[in-house]
Amino acid sequence: MNFNETKKGKNVSKYITTPIYYVNGEAHIGHAYTTFIADAMTRYEKLKGEDTYFLTGTDEHGQKIEESAQKNNKPTQEFADEISATFKDLWDEFEISYDKFIRTTDEEHKKGVQKAFEVMYAKGDIYKDFYEGHYCVSCETFFPETQLIDGEFCPDCGRSTNIVKEESYFFKLSKYEDALLKHYEQNPNFILPRSRANEVINFVKGGLRDLSVTRTSFSWGVKMPASLNDDKHVMYVWLDALLNYITALGYGSDEANMKYWPASTQFVGKDILRFHAIYWPAFLMSLDLPLPRTIGAHGWWTRDGEKMSKSKGNVIAPKEVADVYGVENLRYFMLREVPFGQDGDFSQRAFIDRINSELSNDLGNLLNRIIGMSGKYSDYEIDSVDVEKYHKKELDAMHAILDSLDDFIEGLQTHRYLEELWKLFAIGNKAIEEYAPWVKMKEDKKDEALATVALVANVLAKASLMLSPVMPKTSAIIADALNFEISSQSYKELIVDKKLLKLFNIKKVPPLFPRIEEPLMAEAPEAEPNKKEVQKQEAAKKEEDSLIEIGQFFETSLKVGTIIEAEEVPKSKKLLKLQVDLGEGDLRQVVAGIKEFYSAESLVQTQVCVVANLKPAKLMGMVSEGMLLAAKDEDGLCLVRPEKPKKAGTPIG
Ligand code: ME8
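As the structure is a computational prediction, the values presented were derived from the model and not from experiment. (Residues numbered from 1 in each chain as written. Predicted model: local features only at pLDDT ≥ 70, side-chain atom pairs only at ≥ 80, totals over all residues. Heavy atoms only, no water.)

1. So, the environment of Ile478
Note the cut-off: Working definition: helices are DSSP H or I runs of at least four residues, strands are E runs of at least two. Numbering for both runs from the N terminus. The contact criterion used is simple: two residues touch if any of their non-hydrogen atoms lie within 4.5 Å.
Note that Ile478 resides in helix α17 (residues 472–481). Sequence separation between Ile478 and Ala461 is 17 residues; the distance between their C-alpha atoms is 7.4 Å. Residues in contact with Ile478, not counting those within four places in the same chain, are Leu363, Leu367, Leu460, Ser464 and Leu512.

Structure representation (structure tokens):
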């Protein structure tokens, strides 16, 4: 099976997905961001005339949902129905253009998951054993003891974990380690942004354990396939959830829409990248299905620089923002504000600034000026007949920008896409200042004045087409004023073929973006901090700033090494030259500054902990290919060693 399979010879369709949202709480701004970006990408592809399919939905099984329902004194299904409906209603109100809203409690989905389980089982990729480990209910994930914080707390969310021992079916994740690494290497766009790929690759290189894919400790999940005759177990929620991307297309039931597989872009938050970039492709390999083209991992949204949480009372409900500022303005702000993949901050100040300067000034005013001028000079009639003659330079500059936009979409860089698009309005605004049509009118050069007005009308037409994936309704209003419709047909004519608008009468429109002077929403609640509180917060912030993500830690390869040879470096007071065995024939020369504390002979055949992926360095002319871990205080230095002998090369972490 070639996992890179593209649909050569067939029409390539675009299948775009959001994560499916847990039904343990209502939608917040982070959910809205993923949904907006996926919606904008789908609309962009549609505009280009592609056959698209856009999936979103809700993730409804697992212990976390069961517990949330209990807390709310509701039967689990009823609770899931209610919360799932709040997501669907919100996306409908926001006119999100999804083709399907999947729920993991849908019967077809459950059938598809059971079929996938049977296929993996028949292939020998699933086996039964026992699992004992630390389980984080909130993340629905087991963690090895070595990854826990203080031996107890979840490394992802910091909550306390429980020890769970149970019979379980396991998926042979370890079998796919090499195939996954090969796939990452051969497909540099599999994980975007590329900066996020390293943490995944290092995690896989650190060794994959087989994955427990069933549970017996609770029952709120997809039942086992009847053919296995093992009712005690239900499916692990992540196996169930990830498979939604194919069951939504009918995998295991009516498979007509499987023609959309593989997905072109699957959007996820950075916290769930590992599930999507490791487990998900491994499951697909096991099912002999091609892998998605791109997993796009976005960053985290904060509010006024603070993490949002229910306890702080600073969570932003997207509906609240949309009700006062408008959903299209919110879409624009979120997609313009952050480089895809980086964390973003929601502040009303930044939001209002963008509305006033970019939407109201750059775009809104340009449209109003052109309507005003054409009303005065030509009774609202706009004719592009002389635009080429007087404005070739501006037309060329505009078309060069339009030609470059596709690359930003390919790289999921919506902020760059919008930044470039805004250069069109700059061309329009500059042309008005430079050619001053009102002066031309006085000089009796009416055709020149009207050519400038028509140039700007064309700028607005082309820009509104390209803005339509992000601001569909606003763009439709602009297009209507300019007497055309946003469609793949007009895209072809105005963008691909670079044609100009035909003779038409421009319509008056009310201002699209009234200026906003003051924040329209209540600010995030701010507790009155006393002096002690401030000090505490500053200390906590300092600590938090120095914290790293688990992925950053795994970027360092630490290994147990056995010292085979050791000798003093002549003329050096501090250095010893060591030959260290890191297993599987990996013999390293390490030059270490430990001579004052250890004799060369005492080190031979002892074990040390080695940083194994440092760039080689030269010390006194000798290459050193690693570093030993050591602790030093006023009493001197001691090497950090494994408590018991371990095989050379054993990973530490
Ligand atoms: O993880 N900023 O669901 P979920 C940006 N059911 N994104 C945020 C965010 C924030 N402050 N908070 C959460 C799940 N998200 C699983 C997915 S897919 C097969 C299963 C993002 O409701 C988060 O990163 O907890 C994730 O991408 C999405 O919201 C859903 O989170």
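Still more ground to cover, so stick around.
2. A look at the sheet that holds strand β8 (residues 211–212)
Our working rule: Here, a strand pair is defined by DSSP locating no fewer than two bridges between the strands. For helices, the fitted line uses only the C-alpha atoms of the stretch in contact; every axis is such a line through C-alpha atoms, and the angle between N-to-C directions lies from 0 to 180 degrees.
Spatially, the 4 strands line up as an open sheet ordered β5-β4-β6-β8, and their pairing is antiparallel. At either margin of the open sheet sits one strand with a lone partner, and together these are β5 (141–143) and β8. By the bridge criterion, 3 bridges tie strand β4 (residues 126–136) to β5 in an arrangement that is antiparallel. If you follow Cys136 over to β5, its bridge partner there is Thr141. The strands touched by helix α9 (residues 273–286) within the sheet are β5, β6 (162–171) and β8, with β6 carrying the most contacts at an inclination of about 35°.

3. Digging into the sheet that holds strand β3 (residues 100–103)
What the 6 strands build is an open sheet, ordered β3-β2-β1-β11-β12-β7; its pairing is parallel. Looking at the sheet topology across the chains shown, the edges are occupied by β3 and β7 (191–192). As defined by bridge partners, strand β1 (residues 14–22) adjoins strand β11 (residues 265–269) across 2 bridges and the pair is classed as parallel. The residue bridging Ile16 from the neighbouring strand is Thr265, located in β11. Set on the sheet, helix α1 (residues 29–47) makes contact with β1, β2 (52–59), β11 and β12 (294–298); between it and β1 the angle comes to about 165°.

4. Some remarks on the side chain of Gln63
Cut-off, in case you're wondering: Classification of residues uses two cut-offs on accessible area relative to the type maximum, computed with a 1.4 Å probe and protein chains only: under 20% is buried, over 50% is exposed, and between them is partly exposed.
When you line up the elements, Gln63 lands in helix α2 (residues 63–71). Gln63 gets classed as buried once you look at its relative accessible area, which sits at 17%. Those residues in contact with Gln63 that sit more than four places away from it in its chain are Tyr135, Val137, Glu140 and Phe218.

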